[in-house]
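Examining the three-dimensional arrangement
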Amino acid sequence: MSQQQISLPAKLINGGIAGIVGVTCVFPIDLAKTRLQNQRQGQQVYKSMMDCLIRTVRSEGYFGMYRGAAVNLTLVTPEKAIKLAANDFFRHHLGRSGKGLTVYKEMLAGCGAGMCQVVITTPMEMLKIQLQDAGRLAANQNQQRTPAVVASSKLGAGNAVLRRSYNVGLAPAPAARAESATQIARQLLRAQGVSGLYRGLGATLMRDIPFSVVYFPLFANLNALAKDAPEGSAPFYWSFLSGCAAGSIAAIAVNPCDVIKTRLQSLSKGANEESYSGIVDCFRKILRREGPAAFLKGAGCRALVIAPLFGIAQVMYFVGAGEFILDHNPFRLCSRSVV
């Protein structure tokens, strides 16, 4: 299907459907990614992605894995729609010369798409991270209290008075905050204005622009390998595989930026967890205290999130779900019959 034949409303519908389906499938892995990236050295609650998911289900229930999913599902439609539509818009205008798109122009189009999407991505990620990380903070507090309780158990069963005095002052561990995205948004707007929702904008740009610069040209060239003609379309399974491959490669490439963005956008801190004044300060503190390997935290999770997310997105996009919906719109059919 030629890109020129796809209308803007169809692009928006395709991106929206793809975003909703993709997020629903991979959100638990995204939650694990956020919690792993926010762990500091010496304060590790989770050992791996699977350990994080198992502990989350045990302590917060099945729906605990979808903490923050509501805000993501609400905003992912405009976010993915803007990203995919902007990329096609820039590719269309950069390729007007009729000579086709060079890799440089494809990267430029991806850069434009990355810059456009942060209008939605930044507040969406800001709210989502607060909700996703609440369970980790509660688990971290519980973990810090455990040694005292264990130590008291070693005092012996017959020493009840001594055991009670040892545990005096230990209140029940606080549970994870049950704040909603709406409550957090209101608090941020009341305290900091609109800029509160756009905290970490620079880090989001630093992540999303390189991601789009890598992803879109890589996908376009991988997908073109299965086309029988320049204006033809690749089989849907090839578009899916191309989207998965390009998405995972781009995700791992920008994971250090994603770690910095996650740390900067996390408002609540655990005990002894440092704060950051900006991108450079965050980079220096992570490098000095946790080493270079810290910038790869959650890289596997992020690849597992992005790969199917963009694979599904490209299948929806190239199958033409948006065009089908628009062609079978009852209001459109009525208007045609009236005319």
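Just so it is clear, the structure is predicted and the values come from calculations on it, not from any experiment.

Calculation notes
Residues numbered from 1 in each chain as written. Predicted model: local features only at pLDDT ≥ 70, side-chain atom pairs only at ≥ 80, totals over all residues. Heavy atoms only, no water. Helix = DSSP H or I, 4+ residues; strand = E, 2+ residues; numbered from the N terminus. Buried < 20%, exposed > 50% of the residue type's maximum accessible area, 1.4 Å probe, protein only. Lys, Arg positive; Asp, Glu negative; His and termini not counted. Salt bridge = Lys/Arg side-chain N within 4 Å of Asp/Glu carboxyl O. Polar contact = N/O pair within 3.5 Å; in protein donor to acceptor, adjacent residues only side chain to side chain. Patch = residues over 30% accessible without salt bridge, like charges linked within 9 Å, V, L, I, M, F, W, Y side chains within 5 Å. Areas by Shrake-Rupley, 256 points an atom, 1.4 Å probe, with all protein chains shown as cover. Phe/Tyr/Trp six-rings, centres within 6.5 Å; stacked < 30°, edge-to-face > 60°. pLDDT = per-residue confidence, 0-100. Contact = heavy atoms within 4.5 Å. Expected span 1.5 Å × (residues − 1). Bend = angle between axes of the 7 residues up to and from the residue. Core = buried A, V, L, I, M, F, W, Y, C linked by side-chain atoms within 4.5 Å. Axes fitted to C-alpha atoms, helices over the stretch in contact; angles between N-to-C directions. Parallel < 35°, antiparallel > 145°, perpendicular 65-115°, else oblique. Nonpolar A, V, L, I, M, F, W, Y, C, P; charged D, E, K, R; others polar.

Our focus in this paragraph is the side chain of Lys83. By secondary structure assignment, the location of Lys83 is in helix α3 (residues 69-94). For the buried Lys83, no salt bridge exists, and the shortest N-O distance to an oppositely charged side chain is 5.5 Å, to Asp208. Side chain to side chain, Lys83 and Gln117 meet in a polar contact 2.3 Å long.

This paragraph deals with the pattern of salt bridges. Counted under the stated rule, the structure contains 20 salt bridges. The partner of Glu274 in a salt bridge is Arg40, and the shortest N-O contact between them spans 3.5 Å. Here Glu274 is found in the loop between α10 (255-265) and α11 (279-290), whereas its partner Arg40 is found in the loop between α1 (8-38) and α2 (49-60), with 234 residues between them in sequence. The exposure class assigned to Arg40 is buried, which follows from its relative accessible area of 4%.

Moving on to a nonpolar patch on the surface. A cluster of nonpolar side chains, namely Phe236, Tyr237, Phe240, Leu241 and Val319, defines an oily patch on the protein surface of about 520 Å² accessible area. Here the nonpolar patch gets 4 residues from one element, more than from any other, and that element is helix α9 (residues 236-253).

Scanning all chains against the criterion turns up 10 aromatic pairs. Between the aromatic rings of Phe211 and Tyr215, the centroid separation amounts to 5.8 Å while the plane-to-plane angle is 10 degrees, which identifies the pairing as stacked. Highlighted residues: Phe211 and Tyr215, both in helix α8 (residues 201-224), separated by 4 residues, approximately one helical turn. With a relative accessible area of 2%, Phe211 lands in the buried category. Among the residues examined, Tyr215 registers a relative accessible area of 0% and is labelled buried. Among the aromatic residues, ring-to-ring pairing joins Phe211, Tyr215, Phe216, Phe219 and Phe310 into one connected group.

A separate point is the confidence of the model for the protein. Looking at the protein as a whole, its pLDDT mean stands at 80, while 83% of the residues score no less than 70. Across the protein, the element-wise mean pLDDT spans from 37 in helix α5 (residues 160-166) up to 95 in α10. Across residues 148-177 the pLDDT falls below 50, and counting only partners more than four positions away or on other chains, this stretch makes 30 contacts in the model. Here residues 333-339 scores under 50 on pLDDT; set against residues more than four positions off or in separate chains, the count is 1 contact.

What follows covers α3. In this model, α3 (26 residues) spans 36 Å end to end at C-alpha, consistent with the 38 Å of a helix rising 1.5 Å per residue. For α3, the principal kink sits at Val76 and spans about 40 degrees; a proline, Pro78, occurs within the next four residues.

What follows covers α10. The element α10 is extensively covered by neighbouring structure, given that 10 of its 11 residues are classed as buried. Those residues of α10 not exposed but buried are Asn255, Cys257, Asp258, Val259, Ile260, Lys261, Thr262, Arg263, Leu264 and Gln265.

Before going further, it helps to examine the nonpolar core. One finds Ala32, Met49, Phe211, Tyr215, Cys301, Ile306 and Phe310 to be the most contacted residues of the largest nonpolar core, which totals 33 residues. At the level of secondary structure, the elements contributing two or more residues to this core comprise α1, α2, α3, α8, α9 and α12 (299-319). Not counting residues up to four positions away in its chain, the partners in contact with Cys301 are Ile29, Ala32, Lys33, Leu36 and Met49.

Look at α10 against α11: their axes get within 10 Å of each other, and the N-to-C directions meet at 105 degrees. On the basis of their axis angle, the class for α10 and α11 is roughly perpendicular. Where α10 approaches α11, its residues Val259, Ile260, Arg263 and Leu264 are matched on the opposing element by Ile279, Cys282, Phe283, Ile286 and Glu290. Along the lines of polarity and charge, the residues of the contact of α10 with α11 split into 7 nonpolar, no polar and 2 charged.

In this fold, Thr262 is placed in helix α10. Note on Thr262: relative accessible area 0%, which makes it buried. Among the polar contacts listed, one links the side chain of Thr262 to the backbone oxygen of Asp258, at a separation of 2.9 Å. Apart from the residues within four sequence positions on either side, Thr262 is in contact with Lys33, Thr34, Gln37, Asn38 and Ile129.

So, about the environment of Pro217. With respect to the helices and strands, the residue Pro217 is situated in helix α8. Pro217 gets classed as buried once you look at its relative accessible area, which sits at 5%. Put simply, Pro217 and Glu106 are 111 residues apart on the chain and 5.3 Å apart in space, counted from C-alpha to C-alpha.

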